[in-house]
Amino acid sequence: MAPAVEVSDLVKRYPKSRSNAVDGLSFRVHRGEIFGLLGPNGAGKTTTVGILTTRVVLTDGDAKVGGVSVASDPVAARHKVAVVPQRVNLDRSLNARQNLLFHATYHGIARAQRHRLADELLDRMGLSDKAKARVDDLSGGQSQRLMIARALIHRPEVLFLDEPSTGLDPQARLFVHDRVNDLRSEGVTVVLTTHDMDEAEKLSDRVGVVDHGKLLTLDTPEALIRSLPGSGTIDVTVRPNGVDSDRLLDLLSSVAGVERVERIGTDRGGGEPEPRLRLYVAEEPSALLGPVAATLHEHDVAVSDLSLGSPTLEDVFIEITGRELR
Amino acid sequence: MSSMRAFVAVLGRDVFVTGRELPSFLAQVLVQPVALLFIFGKVLGQLGYTQPGYAQILLPGMIALNAFLVSLQNTSFPLVLDFSYSREIEDRLLAPLPISWVAAEKMLFGALRGLFAALLMIPIGFAMLGDIDWKLSGLPFAVLCMVLGSFAGATVGLTVGAAVPPRRINIMFAVILAPLIFTGASQFPWAQLDQLRWFQVLCLFNPLTYVSEGMRGALLPSVPHMAPWVCVVALVAACGIFGVLGIKFFLRRALD
Ligand SMILES: Nc1ncnc2c1ncn2[C@@H]1O[C@H](COP(=O)(O)OP(=O)(O)OP(=O)(O)O)[C@@H](O)[C@H]1O
Ligand SMILES: [Mg+2]
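All residue numbers here refer to positions counted from 1 along the written sequence of the relevant chain. As a convention, the first chain written is A and the first ligand written is 1, with the rest following in written order. The predicted origin of the model limits local features to residues at a pLDDT of at least 70 and limits the giving and counting of side-chain atom pairs to 80 or more, whereas totals for whole chains, interfaces and linings rest on all residues. Water and hydrogen atoms play no part in the side-chain values, which are based on all heavy atoms of the structure.

**Student:** Just to check I follow, could you spell out the overall build of chain B for this structure?
**Tutor:** Under the scheme used here, helices are H or I runs from DSSP no shorter than 4 residues and strands are E runs no shorter than 2 residues, and both carry numbers assigned from the N terminus. Each helix and strand counted, chain B has 10 helices and 0 strands in total. The linear arrangement of helices and strands in chain B, starting from the amino end, is α-α-α-α-α-α-α-α-α-α. Projected onto its principal axes, the C-alpha coordinates of chain B cover approximately 55 × 35 × 35 Å. Looking at chain B as a whole, 54% of its 256 residues qualify as buried. In this count, Lys and Arg are taken as positive residues and Asp and Glu as negative ones, while His and the chain termini are left out. Just so you know, the charge point we use is NZ for Lys, CZ for Arg, CG for Asp and CD for Glu. Placing the 16 positive and 12 negative side-chain charges of chain B at their respective mean positions leaves the two points 5 Å apart. Summary of the burial criterion: residues with accessible area below 20% of their type's maximum are buried, those above 50% are exposed, and those between are partly exposed, where the area comes from a 1.4 Å probe applied to protein chains only.

**Student:** Teacher, can you tell me more about the site of ligand 1 here?
**Tutor:** The rule for a residue being near a molecule or strand is that one of its heavy atoms must lie within 4 Å of it. Near ligand 1 there are 14 residues, and of these G42, K45, T46, T47 and H195 of chain A occur at the shortest range. Bordering ligand 1 are residues originating from chains A and B. Polar contact is defined as a pair of N or O atoms within 3.5 Å, subject to the rule that within protein one atom must be able to donate a hydrogen and the other to accept it, and that residues adjacent in sequence are counted only when both atoms are side-chain atoms. Contacts to ligand 1 include G42 of chain A, whose backbone N or O atom sits 2.8 Å from an oxygen atom. K45 of chain A has a polar side-chain atom sitting 2.7 Å from an oxygen atom of ligand 1. In isolation ligand 1 has 630 Å² of accessible area, and contact with the protein removes 62% of it. Shrake-Rupley sampling with a 1.4 Å probe provides the accessible areas, and residues are treated as covered by the protein chains on show and by no other component.

**Student:** Can you help me understand helix α6 (residues 170-186) of chain A in this one?
**Tutor:** A turn of α-helix holds 3.6 residues, and therefore any two residues three or four places apart point the same way. Residues and elements named next belong to chain A. Any helix carries an expected span of 1.5 Å times its number of residues minus one. Over its 17 residues, α6 runs 24 Å from end to end, which matches the ideal 24 Å to within 8%, given 1.5 Å per residue. Buried within α6 are the following residues: A172, V176, H177, R179, V180 and L183. Summarising the axial view, the buried residues of α6 lie within an arc of 160°, below the 170-degree limit, and thus occupy one face. Summarising the geometry of α6, the exposed residues directed more than 90 degrees from the buried face are P170, Q171 and S185. Among the structural elements, β3 (34-38), α4 (111-124), α5 (140-152), β7 (158-162), β8 (189-194) and α7 (197-203) are those in contact with the buried residues of α6. With its phi angle positive at about 85°, G187 sits one or two positions after the end of α6. Throughout, the arc means that of the directions going from the helix axis to the C-beta atoms. Contacts are assigned to residue pairs with any non-hydrogen atoms lying within 4.5 Å of each other.

**Student:** I keep staring at the sheet that holds strand β10 (residues 214-219) of chain A and nothing clicks. Help me out?
**Tutor:** Backbone-to-backbone hydrogen bonds pair the strands of a sheet. The strands run either parallel or antiparallel. Residues and elements named next belong to chain A. Strands were regarded as paired on the criterion that DSSP finds at least two bridges between them. Reading across from one edge, β6-β7-β8-β3-β9-β10 is the order of the 6 strands in this open sheet, with mixed pairing throughout. In the strand order of this sheet, the two ends are held by β6 (81-84) and β10, each with one partner. Within the sheet, the average angular offset between the axes of one strand and its neighbour, ignoring direction, is 20°. Sheet topology places β7 next to β8; 5 bridges connect them, and they run parallel. For V158, the partnering residue across the bridge sits in β8 and is T189. Sitting on the sheet, helix α11 (residues 313-321) touches β3, β9 (206-211) and β10, and the angle it makes with β9 is about 30°. Here, axes are lines fitted to C-alpha atoms. For helices the fit covers the stretch in contact, and angles between N-to-C directions go from 0 to 180 degrees.

**Student:** Would you take a moment to explain the coordination of the magnesium ion (ligand 2) for this structure?
**Tutor:** Residues and elements named next belong to chain A. Only T46 (OG1) and Q86 (OE1) from the protein reach the magnesium ion (ligand 2) as donors, at distances of 1.9 to 2.4 Å. Highlighted residues: T46 in helix α1 (residues 45-52) and Q86 in the loop between β6 and α3 (96-106), separated in sequence by 40 residues. Since its relative accessible area comes to 38%, T46 is described here as partly exposed. Coordination partners: N, O, S within 2.8 Å of the metal, 3.2 Å for Na, K and Ca; water not considered, so apparent gaps in a site are possible.

**Student:** I'm lost on the packing of aromatic side chains in this one. Help?
**Tutor:** The description of an aromatic ring pair rests on the distance of the ring centres and on the angle between the ring planes. Residue and element names in this part refer to chain B. In summary, the pairing rule links any two rings of Phe, Tyr or Trp, Trp by its six-membered ring, whose centres are within 6.5 Å, and it sorts them by plane angle into stacked for under 30 degrees, edge-to-face for over 60 and tilted for everything else. Across all of its chains, the model carries 8 aromatic pairs over all chains by this definition. Ring geometry for F7 versus W101: centroids 6.2 Å apart, planes at 85°, classification edge-to-face. With a gap of 94 residues between them, F7 in helix α1 (residues 2-20) and W101 in helix α5 (residues 99-129) connect regions that are remote in the sequence. We classify W101 as partly exposed; its relative accessible area is 31%. Here the aromatic rings of F126 and W134 are separated by 5.0 Å at their centres, their planes lie at 85°, and the arrangement is edge-to-face.

**Student:** Mind showing me how you'd approach the interface of chain A and chain B here?
**Tutor:** How large an interface is tends to be reported as the accessible area lost when its parts come together. Counting residues at the interface gives 27 residues for chain A, matched by 28 residues for chain B. Reported buried area values correspond to the accessible surface (1.4 Å probe) lost by two parts on association, with both partners' losses combined. When the two sides are added together, the surface that chain A and chain B hide from each other amounts to roughly 2500 Å², 52% of it contributed by carbon and sulfur. Ranking the residues of chain A by area buried against chain B places R55, R78 and Y106 of chain A at the top, with a combined share of 32%. In what follows, salt bridge is the name for a side-chain nitrogen of Lys or Arg lying within 4 Å of a carboxyl oxygen of Asp or Glu. Viewed at the interface, chain B and chain A are joined by 5 salt bridges. Notably, a salt bridge pairs E88 of chain B with R92 of chain A, separated by 3.8 Å at the nearest N-O pair. Counting across the chain A and chain B interface gives 14 residue pairs in polar contact (both at pLDDT 80 or more).

See the structure below:
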């Protein structure tokens, strides 16, 4: 069976633009997979989603959803996809339930079935009491949930979620995450873009990181994190007892397994200022606790606080896309 | 097949929304032409400022004006808004039918509204002006002109609506609508303009002229008028040219 999404050497240059918004992107999404598309602002995520949902015309390369090329047969492609866009685009002339019903009608869902599905989805999205509400009267989170319901009503093969939880409160975000997980169990393929690394890590089977329209890396979140050198951390707060801070950094850097030491702050809890240091380590941070403590003890430096940090997807993201602002 | 079904559904949505807003729709399409008809056909006539019979000339022109202009406005205004901040139309652009069909639906629906508004003017005109003397055998051709006029208005509306950026919507009123209202031979018979040759030529560029002249020629054959076949050819040509142009602009707006 064809992959759910197949993008090869995809290029998009907007008219009047001097650079490519998408610049030679290739990746595949398997059926039933939840795929995270990550990247800094302006990386080309929305553009890629736009191409795959036939809203944006590609400049070069090929993009297929469910085996159908979006460029040569956009009408068939629209049957297979649904999108929850970054910006609200509900039909403001219709109420919440009507938004679902008309959308289903456009997609040829029979009358009895669309009424049943609309009520079912409103209920599932926690919007039953908003069925008759005007779209303008919905909160941001409610609009978002209504757009998800609308996207699901024509039973798409691939659902695109462009930043599904931006602007949602923690409850609503968890709710959306649960719904996405439901979709996984129903076998719907989901492509989601997000800036929330925790979200990507939690939901995605695999993530692709794009920047400047190019794919930088693609793997499971676990593999990406494992591949990050020196990404486990140990934070120590010490009472130097006369050892100056340069010496302290040298000492800790010399412990085998520590790749880099950074001073991240100072605790001023009344008495002597206590420097806080972060050690970046190559392997499992807990294995280095002993050696680090021993080294400090040898030089009569007291440890007043110590904590371990395992690397997160965010560290991977920063490592490969850099720190500068877009 | 499924595209056809989607087309009907998209049309159904517009009918549904309009049906719910019927009073405001009626106000929008009737207040202005009824006021014009009343002042020029009734008040000025009774005060003796217009010749007897001017109301006769005015009524077919007002019906034509409604067919053309209501179609134009009802296609262009919603489109300008749809493509602006609200992006409401996106749901339809993502429905399983070709984008050009969505454009065609917008035209068809605008034309239907214009046609409806024009038909409504007939009983209103009769009730208001009283002694209207139409040649009834000309009615079928007059209806043909109304239909063609509605479609011509809708195609011009699509072109304008897809070409005008939202922040220019005020300009649209001043530089497009007003000239169209007054150069469309709806308040005067075009064929009698030979004393004002430049204006007569100018009117030829307005599709409304052919709607007015066609209807007046069919219903009031004794009033000098343009040849009927010229009206039909010109209106079909206008539908073709603006239809193609409108769809092209629409596609450009709809897809990035
Ligand atoms: N309609 C458009 N016309 C011209 N340029 C555009 C258009 N849409 C996006 N761009 C440009 O294309 C590039 C990619 O934009 P895109 O919206 O795909 O980024 P993104 O990854 O979704 O960013 P964000 O995380 O901020 O949503 C940007 O440089 C943007 O300025
Ligand atoms: Mg985006």
